[in-house]
Amino acid sequence: MGRIYLDYAATTPTHPEVVEAMLPYFSGAFGNPSSLYACGQEARSAVEEARAKVAGFIGAENDEIVFTSGGTEADNFALEGIAYANQDKGNHIITTAIEHHAIGETCNFLKERGFKTTCLPVDKDGLVDPDDVRKAITDKTVLISVMQANNEVGTIEPVALIGRIAREAGVYFHTDAVQAVGHIPVDVSKLGVDLLSVSAHKLYGPKGIGALYIRKGTRIIPFMHGGGQEGGRRASTENVPAIVGLGKAVELAQREMAEEAERLIYLRDKLIGGLLERISDIQLNGHPQERLPNNVNVGVKFVEGEAILLNLDLEGICASTGSACSSESEEPSHVLLALGIPADEARGSLRFTLGKWTTEEEIERVLEVLPRIVAKLRAMSPLLKK
Ligand SMILES: *Cc1c(COP(=O)(O)O)cnc(C)c1O
């Protein structure tokens with residue numbers, strides 16, 4: 001059996017149809033979309049076609065979509081752009097303890113520059129309480145940022161409820177929807193958001209491209225300064241092939257998402273059920289129902305997640321301990337700690353994220369291999385309480 005990739009939340013392979021759609025824009029229609037001659041205009045129309053696809057997919061107007069270099073830039077742009085554009089109103093930002101580092105570290109950056117942040121807690125399943133959001137709003141609050149779905153434990157947040165609270169209070173509302181777009185329905189009106197971050201490589205598009213939805217009339221300053229591209233909101237020559245790739249990825253998601261989600265939920269629940277049945281002292285992390293269709297995150301007691309990962313890798317299985325970004329650090333995941341999981345148990349966490357090319361056979365293989373690995377590690381583990 002070949003390699004089994006179960007880390008789709010870290011990144012996805014670029015869909016072959018996406019690659020194919022991108023290819024003509026490298027050396028053929030390679031022009032600068034700002035150039036007036038035909039080859040530039042060909043690139044321009046490809047960019048605008050992709051913009052319309054992204055906008056249509058999330059219920060936005062075309063000119064409310066700004067292409068960025070990825071989810072991280074979209075998050076940085078949203079937070080810094082709103083914070084610096086609305087200083088006459090206030091300096092307070094509300095966010096949560098389980099955000100991606102692209103949000104968390106931007107908040108830290110802003111805090112060092114005189115802004116105030118409130119970091120809301122979550123419950124044991126990873127849910128933010130909308131009432132906590134309401135209570136945290138002051139007359140100085142300029143922005144609320146709550147992710148739509150968590151990348152580590154898969155919990156889907158009550159974003160639409162928070163959107164209503166933000167609207168009533170007249171506060172801008174941003175959601176990091178990087179793990180949601182292409183996986184669960186995302187509609188900016190239903191969610192009541194003013195800003196929303198997208199990344200292509202989490203939905204079978206290429207890396208290094210994303211988008212920020214900015215509701216018309218939102219007071220925001222650019223994050224990148226230079227030429228007047230993207231309606232003056234994001235300087236730099238457009239990454240035409242990547243933008244085309246994002247558009248194609250969105251088009252494929254639109255076509256396949258509903259059916260694919262059903263298939264993944266079946267496989268997800270088979271994996272969760274099987275692991276809980278076959279391994280003792282194991283628990284599901286994240287919400288049992290309000291959960292991304294492709295996310296499985298379990299805490300395995302008395303073993304190190306890293307040790308399990310290395311053993312899985314020897315069996316050709318790619319998984320993660322949580323966030324790809326924190327895999328280099330010794331610190332247990334801030335998300336698991338926020339769920340109230342003790343640090344030593346958080347170190348035994350494992351994340352499997354499923355995707356388009358995941359088969360039932362692969363899930364069965366994990367169910368066969370993992371209990372063996374855990375038993376072996378526990379037999380030699382100093383963490384094992386006998
Ligand atoms: C991957 C991810 C990001 C970062 O997106 P990039 O395109 O890799 O910069 C931001 N937020 C969440 C929730 C993510 O999963």
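I will try to describe carefully the structure that is included in this document. (Residues numbered from 1 in each chain as written. Predicted model: local features only at pLDDT ≥ 70, side-chain atom pairs only at ≥ 80, totals over all residues. Heavy atoms only, no water.)

A word on the packing of aromatic side chains. For the structure shown, the criterion picks out 4 aromatic pairs. Geometrically, the ring pair formed by Tyr84 and Phe115 is edge-to-face, given 5.1 Å between the ring centres and 85 degrees between the ring planes. Remark: Phe115 occurs in the loop between α5 (101-111) and β4 (116-120) and Tyr84 occurs in helix α4 (residues 71-85); sequence separation between them is 31 residues. The class for Tyr84 is partly exposed, based on a relative accessible area of 30%. Taking the relative accessible area as the measure of exposure, Phe115 reaches 4% and is therefore buried. Here the aromatic cluster, defined as three or more aromatic residues joined through ring pairs, consists of Tyr5, Tyr8, Tyr204 and Trp357. (Phe/Tyr/Trp six-rings, centres within 6.5 Å; stacked < 30°, edge-to-face > 60°. Helix = DSSP H or I, 4+ residues; strand = E, 2+ residues; numbered from the N terminus. Buried < 20%, exposed > 50% of the residue type's maximum accessible area, 1.4 Å probe, protein only.)

What follows covers the pairing of strand β7 (residues 195-199). For a regular strand, the rule is simple: side chains alternate between the two faces of the sheet. When you tally the buried positions in β7, you get 5 out of 5 residues, the bulk of the element. Residues Leu195, Ser197 and Ser199 line one face of β7 and the alternating positions Leu196 and Val198 line the opposite face, and both faces are buried. Sheet topology places strand β6 (residues 172-176) next to β7; 3 bridges connect them, and they run parallel. What sits directly across from Asp176, in β7, is Ser197. (Pairing = 2+ DSSP bridges.)

Taken as a whole, this structure holds 26 salt bridges when the rule is applied. Across the pair Asp194 and Arg167 runs a salt bridge, and its minimum N-O distance is 3.7 Å. Of the two residues, Asp194 sits in the loop between α8 (188-191) and β7 while Arg167 sits in helix α7 (residues 159-169), which places them 27 residues apart along the sequence. Relative accessible area serves as the criterion here: at 6%, Asp194 is assigned to the buried category. The salt bridge partner of Glu251 is Lys248, with a shortest N-O separation of 3.3 Å. In this pair, Glu251 and Lys248 are both assigned in helix α9 (residues 240-278), 3 residues apart and thus about one turn of the helix distant. Put simply, Arg44, Glu48, Arg51, Glu230 and Glu238 are held in one network by salt bridges that share partners. (Salt bridge = Lys/Arg side-chain N within 4 Å of Asp/Glu carboxyl O.)

A surface patch of nonpolar side chains, amounting to about 280 Å² of accessible area, comprises Val19, Leu23 and Phe26. Within the secondary structure, Val19 sits in helix α1 (residues 16-22). (Patch = residues over 30% accessible without salt bridge, like charges linked within 9 Å, V, L, I, M, F, W, Y side chains within 5 Å. Areas by Shrake-Rupley, 256 points an atom, 1.4 Å probe, with all protein chains shown as cover.)

We now examine the site of the ligand. Close contacts around the ligand come from 13 residues, with Thr72, Asp176, Gln179, Ser199 and Lys202 the closest. Lys202 is positioned with one of its side-chain polar atoms (N or O) 2.8 Å from an oxygen atom of the ligand. If the ligand stood free it would expose 380 Å²; the protein chains cover 88% of that surface. When residues of the shell around the ligand are assigned to their parent elements, the largest contribution, 3 residues, is made by α4. (Near = heavy atom within 4 Å. Polar contact = N/O pair within 3.5 Å; in protein donor to acceptor, adjacent residues only side chain to side chain.)

This paragraph deals with the packing of α4 against α5. At a minimum axis separation of 9 Å, α4 and α5 run at an interaxial angle of 30 degrees. Overall, the two elements α4 and α5 adopt an arrangement that is roughly parallel. The chirality of how α4 crosses α5 is right-handed. Here α4 contributes Thr72, Asp75, Asn76, Leu79, Glu80, Ala83 and Tyr84 to the contact with α5, which in turn contributes Ala102, Ile103, Thr106, Cys107, Phe109 and Leu110. (Axes fitted to C-alpha atoms, helices over the stretch in contact; angles between N-to-C directions. Parallel < 35°, antiparallel > 145°, perpendicular 65-115°, else oblique. Left-handed = near helix turned anticlockwise from the far one by under 90°. Contact = heavy atoms within 4.5 Å.)

In this section: the pairing of β6. Burial runs high along β6: 5 of the 5 residues are buried. With burial as the criterion, each face of β6 is covered, one bearing Tyr172, His174 and Asp176 and the other bearing Phe173 and Thr175. Tracing the backbone out of strand β5 (residues 141-145), into α7 and back to the parallel element β6 gives a crossover that is right-handed. (Right-handed = clockwise from strand over helix to strand, strands pointing away.)

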